[in-house]
Amino acid sequence: MKILVLNSGSSSIKFQLFEMNEKISLACGIIEQIGEQESYAKIEFGDKKIEKKEVISNHKYGLKLMSILLIESFIIKNLDELGAIGHRVVHGGEKFSKPVLINGEVIEEIEKLIPLAPLHNPANLDGIKVTMEQSPNVPQVAVFDTAFHATIPSYAYMYALPYDTYVHDGVRRYGFHGTSHHFVLKEASKYLVKEKINAITLHLGNGASMAAIKDGKCIDTTMGLTPLEGLIMGTRSGDLDPAILFYLARKNGFNIDDLDKLLNKNSGLKGICGNNDMREVEKMAKKGDAKAQLALNMFSYRIKKYIGSYNAVIGKLDCIVFTGGIGENDIDTRVRCCEDLEHLGIELDLIKNNQRAKEIIDISSKKSKVKVFVIPTNEELEIAEQTNSLLGT
Ligand code: AMP
């Protein structure tokens, strides 16, 4: 059975087609810069690539182009040939703790969650609505970024605010990157041949988050009501004293939009050293840039603090897992994050750490009590697998 996975954003749509019998990717592609003059569509399959440069004014036309590309590549004859379409949906709120078959009622519920994810859920819904129109006979499944974190207990997801902000406004920790944390957890579990493992998973990309996993279930995560909380990221601050916002508003007359931009777009690595791309930050630091070195130290220090606190609430760890663009590729960040953690039973093998991870690799030393893995994430495959198992095929 073929499953198409769609990740529909506000100005781009990423897609990947899987043959689920062999769990292989047949093709992947992207429709970029929707609504702009420079828009284009691209598909890659085997060692081939087709690109179409034209004005793609909306999602409807973008998704039509996607089906044309899939058909022109002789990968499918028409969209009805698909066994299912799996959609990434960022926010499932408290309503969706599992993947769900999409119908009118589900669309309404996702719409109700727009205030919690005003940038993402509307774009995800655009993709859903257009594909439901274009392929009414193909089952469509929503897979939520937040769902993996549904097992977090209330004492960990509540903020110490008046209880009404939870009841009336839905203010609580939801967590994100759930499909990635879930995927690498399953891979680590398979590798260890143990079903209910204790793990800390680190998804370190431009956005970054960690999850605490006890007996195979997520019990805490660093992102909160929004993806702004927790680790230092490319352009996001992560944790800070909330009173900084009042202070800056009063002192400099910043309004809500200024503060939103400050914390989401101009902070993190970029805020400290002027660059949000970890490869560049590493290069700058190697050339002696003191702010870049500070940014790197801050980035790994925050991670170490969370490793310690998650270890305290999980108990004995089986493994920690690095994933995401930085986690999978940045050898030096992995060293900095694990440095001096021998007292927690975490010790890297510096030679193994130098490897490129095409699949799971164990980079822990022989003495290390806790395994340290690097696992390339595959959120699209995870969405396809969850879609497949929901349909029971
Ligand atoms: P993602 O959001 O998962 O695509 O990850 C993007 C981040 O991964 C960026 O900060 C990149 O600079 C970083 N990254 C990708 N490759 C490397 C690498 N070889 N070394 C260090 N950072 C990398």
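Described in the following lines is the structure provided in the data block. (Residues numbered from 1 in each chain as written. Predicted model: local features only at pLDDT ≥ 70, side-chain atom pairs only at ≥ 80, totals over all residues. Heavy atoms only, no water.)

Some details on the site of the ligand
Applicable threshold: Any residue with a non-hydrogen atom lying within 4 Å of a molecule or strand is treated as near it. Distance and chemistry together define a polar contact, namely a pair of N or O atoms within 3.5 Å, with one atom able to donate a hydrogen and the other to accept it when in protein, and with adjacent residues in sequence counting only for side-chain atoms on both sides. Methods summary: accessible areas were calculated by the Shrake-Rupley approach with a probe of 1.4 Å, and residue burial reflects only the protein chains presented. Strands are runs of DSSP state E lasting at least 2 residues, helices are runs of H or I lasting at least 4, and numbering of each runs from the N terminus. Polar here means any residue other than Ala, Val, Leu, Ile, Met, Phe, Trp, Tyr, Cys and Pro, which are nonpolar, and Asp, Glu, Lys and Arg, which are charged; Gly is therefore polar.
For the ligand, the full set of nearby residues is Gly205, Asn206, Asn276, Asp277, Met278, Arg279, Gly324, Gly325, Ile326, Asn329 and Asp330. Here Asn206 contributes a backbone N or O atom positioned 2.9 Å from an oxygen atom of the ligand. Note that a nitrogen atom of the ligand is positioned 3.5 Å from one of the side-chain N or O atoms of Asn329. In the complex, 70% of the free accessible area of the ligand, which totals 500 Å², lies under the protein chains. For the shell around the ligand, the elements supplying multiple residues, two or more each, are helix 10 (278-286) and helix 12 (324-329). The element contributing the most residues to the shell around the ligand is helix 12, with four residues. Considered class by class, the residues forming the shell around the ligand number two nonpolar, six polar and three charged.

Remarks on the side chain of Ser368
Quick reminder of the rule: Exposure is judged per residue with a 1.4 Å probe applied to protein chains only, and the accessible area is read against the type maximum: over 50% gives exposed, under 20% gives buried, and values in between give partly exposed.
As for its placement among the helices and strands, Ser368 is situated in the loop between strand 13 (361-362) and strand 14 (371-374). The class for Ser368 is buried, based on a relative accessible area of 14%.

Let's talk about the pattern of salt bridges
Test applied: Put simply, a salt bridge is a Lys or Arg side-chain nitrogen that is within 4 Å of an Asp or Glu carboxyl oxygen.
Within the structure shown, the criterion is met by 20 salt bridges. Between Glu187 and Lys190 there is a salt bridge, with the nearest N and O atoms lying 2.9 Å from each other. Remark: Lys190 and Glu187 occur in helix 6 (residues 178-192); sequence separation between them is three residues, near one turn of the helix. Look at Lys190 and you get exposed, because its relative accessible area is 56%. A salt bridge links Arg336 to Glu282, with the nearest nitrogen and oxygen atoms 2.7 Å apart. Taken together, the positions of Arg336 in helix 13 (residues 331-338) and Glu282 in helix 10 put the pair 54 residues apart, joining distant regions of the chain. You'll find Arg336 and Glu282 in the same group, each marked buried. Through salt bridges that share partners, Lys23, Lys186, Glu382 and Glu385 make up one connected network.

Focus: the pairing of strand 12 (residues 319-323)
Keep this limit in mind: Pairing between strands is defined by DSSP: at least two bridges between the two strands are required.
Counting buried residues along strand 12, five of its five residues qualify, which places the element largely inside the surrounding structure. The side-chain alternation of strand 12 yields two buried faces, one formed by Cys319, Val321 and Thr323 and the other by Ile320 and Phe322. Here strand 9 (residues 199-204) runs beside strand 12; their pairing, made up of five bridges, is parallel. Residue pairing for strand 12: Ile200 is matched across the bridge by Ile320. Here strand 12 pairs with strand 14 via four bridges, running parallel. Bridge pairing links Ile320 to Val372 in strand 14.

What to know about the nonpolar core
Convention followed: Think of a nonpolar core as a cluster: buried Ala, Val, Leu, Ile, Met, Phe, Trp, Tyr and Cys residues, connected wherever their side-chain atoms sit within 4.5 Å.
In this structure, Ile200, Leu204, Met210, Ile303 and Ile320 are the most contacted members of the largest nonpolar core, which totals 42 residues. At the level of secondary structure, the elements contributing two or more residues to this core comprise strand 9, strand 10 (208-214), helix 9 (268-273), helix 10, helix 11 (290-314), strand 12, helix 13 and strand 14. At nine residues, helix 11 tops the list of elements feeding residues into this core. Counting 29 residues, the second-largest nonpolar core is a separate cluster that includes Phe18, Phe183, Ala199 and Ile375.

These figures capture arrangement, not role.
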